Amino acid sequence: AGILFGLVAQVFVHATHAVEKWQSKWVSFAPLRPFWGGIFLIILFYIEGSYRYVGLGLPYIQQALVQMDSFRDPALKTFFTAITLGSGFKGGEFIPLVYIGTTLGSALGLIFPISYQLLAGVGFAALFGAASNTPIACSLMAIEIFGPRIAPYAFLACFVGYYFSGRQTIYRSQKFNGSKRERTLALLSLLGELPKRFVSVGSHRSGKK
């Protein structure tokens, strides 16, 4: 599941940048890009008909956590959001990526012998972590929202998703140094050492007492 979250994040990033590049090529006057993009989106939403993918989609995120979803939702939300962001409507990356990750995780319950609620909760954080190169922050976010029991699954999915998401992110200005393999191994090594350090500190304090 972590691999799929990473690959879908990569598709999302490349699609968004492709729309942005296409818009800048064909519409030289920047303020007109959101205008034409908005008109195109209105036509697409009208053709699709359900208006399920307009706006943040918070009810559908909540629904995916309690009811198994289909792959239609993450696919179409990826499509519409890539056009939206690529056309210049910036600042709305987080909730759509949460929508995509949660519904994709929920839909993976159809093919994986794992609780779809767990997959949806992990996808909630892992896909955004993969698309933004922030696996630690998103792992902690999952723990904050879903409780400590999700911690090992969230860390695993977020780091695997991060590894497989490629070098590009949704934020073009984000600085990235070194290889992902080296960074991932270093971060996992650090996380693996934390329990030992806590035990060591606890034993030291007990010895003093």
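Cut-offs and rules
All residue numbers refer to position in the chain's written sequence, counted from 1. Only residues with pLDDT of at least 70 get local features here, since the model is predicted, and only at 80 or more are side-chain atom pairs given and counted; chain-wide, interface and lining totals rely on the full set of residues. The basis for every side-chain value is the complete set of heavy atoms in the structure, and neither hydrogens nor water enter the calculation. Here the term patch refers to residues with relative accessible area over 30% and no salt bridge, with like charges joined within 9 Å and nonpolar side chains (Val, Leu, Ile, Met, Phe, Trp, Tyr) within 5 Å. In short, Shrake-Rupley with a 1.4 Å probe defines the accessible areas, and a residue's cover is counted only from the protein chains shown. The rule for a salt bridge is simple: a side-chain nitrogen of Lys or Arg has to be within 4 Å of a carboxyl oxygen of Asp or Glu. Numbering of helices and strands starts at the N terminus; helices are DSSP runs of H or I of at least 4 residues and strands are runs of E of at least 2. Burial classes follow relative accessibility: with a 1.4 Å probe on protein chains only, a residue under 20% of its type's maximum area counts as buried, one over 50% as exposed, and anything between as partly exposed. Only the stretch in contact is used when a helix axis is fitted, and all axes are lines through C-alpha atoms; the angle between N-to-C directions ranges over 0 to 180 degrees. Any angle between 65 and 115 degrees counts as roughly perpendicular, while under 35 counts as roughly parallel, over 145 as roughly antiparallel, and the rest as oblique. Pairs of residues are marked as contacts when any of their non-hydrogen atoms sit within 4.5 Å. Nonpolar residues are Ala, Val, Leu, Ile, Met, Phe, Trp, Tyr, Cys and Pro. Charged residues are Asp, Glu, Lys and Arg, and all others, Gly as well, are polar. Residue count minus one, scaled by 1.5 Å, sets the expected span of a helix. The arc in question is traced by the directions running from the helix axis to the C-beta atoms. The criterion for an aromatic pair is that two Phe, Tyr or Trp rings (for Trp, the six-membered ring) have centres within 6.5 Å, with stacked assigned to planes under 30 degrees apart, edge-to-face to planes over 60 apart and tilted to the rest. Definition used: whenever NZ (Lys) or CZ (Arg) falls within 6 Å of the ring centre and also within 35 degrees of the ring normal, the charge is taken to sit over that ring. We define the nonpolar core as a collection of buried residues of types Ala, Val, Leu, Ile, Met, Phe, Trp, Tyr and Cys that are connected through side-chain atoms lying within 4.5 Å of one another.

With that settled, the discussion passes to a nonpolar patch on the surface. A grouping of Phe 29, Leu 32, Phe 35, Trp 36, Ile 39, Ile 43, Tyr 46, Ile 47, Tyr 51 and Val 54 is seen on the molecular surface, where their side chains present a nonpolar patch of about 1,100 Å² in accessible area. Turning to its location among the elements, Trp 36 is positioned in helix α2 (residues 32-48). Under the relative-accessibility criterion, Trp 36 is labelled partly exposed at 46%.

Contact pair helix α3 (residues 58-66) / helix α6 (residues 116-132): the axes reach a minimum separation of 7 Å and the direction vectors enclose 140°. By the criterion of interaxial angle, the relationship of α3 to α6 is oblique. For the pair α3 and α6, the contacting residues are Ile 61, Ala 64, Leu 65 and Val 66 in the first and Tyr 116, Gln 117, Ala 120, Gly 121 and Phe 124 in the second. For the contact of α3 with α6, the residue count by class is 7 nonpolar, 2 polar and no charged.

Between the first and last C-alpha of helix α7 (residues 135-146) there are 16 Å, a value that for 12 residues agrees with the 16 Å anticipated at 1.5 Å per step. Residues of α7 that are buried: Pro 135, Cys 138, Ser 139, Met 141 and Ala 142. Buried residues of α7, seen end-on, are gathered within an arc of 160° and therefore sit on one face of the element. Where α7 is buried, its residues contact α5 (94-108), α6 and α8 (151-164). With its phi angle positive at about 100°, Gly 147 sits one or two positions after the end of α7.

Enumeration over the complete set of coordinates arrives at 11 aromatic pairs. Here the aromatic rings of Phe 79 and Phe 80 are separated by 5.3 Å at their centres, their planes lie at 65°, and the arrangement is edge-to-face. Given a relative accessible area of 41%, Phe 79 falls into the partly exposed group. Within the aromatic cluster, the residues linked to one another by ring pairs are Phe 45, Tyr 53, Tyr 60, Phe 79, Phe 80 and Tyr 99. Over the aromatic face of Tyr 99 sits the side chain of Lys 77, whose NZ or CZ is 4.9 Å from the ring centroid.

With that settled, consider the nonpolar core. Within the largest apolar cluster, 35 residues are counted, with the highest numbers of intra-cluster contacts made by Phe 5, Leu 97, Leu 127 and Ile 170. Listed by contribution, the elements that provide at least two residues to this core are α1 (2-26), α2, α4 (72-86), α5, α6, α7 and α8. It is α6 that contributes the most residues to this core, 9 residues altogether. Residue contacts for Leu 97: discarding those within four places in its chain leaves Phe 12, Leu 127, Phe 128, Ala 131 and Ile 170.

A few words on the pattern of salt bridges. This structure, assessed with the given rule, holds 2 salt bridges. Where Arg 72 meets Glu 48, a salt bridge forms, and the shortest distance between an N and an O atom there is 2.9 Å. Of this pair, Arg 72 sits in helix α4 while Glu 48 sits in helix α2, and the two are 24 residues apart along the sequence.

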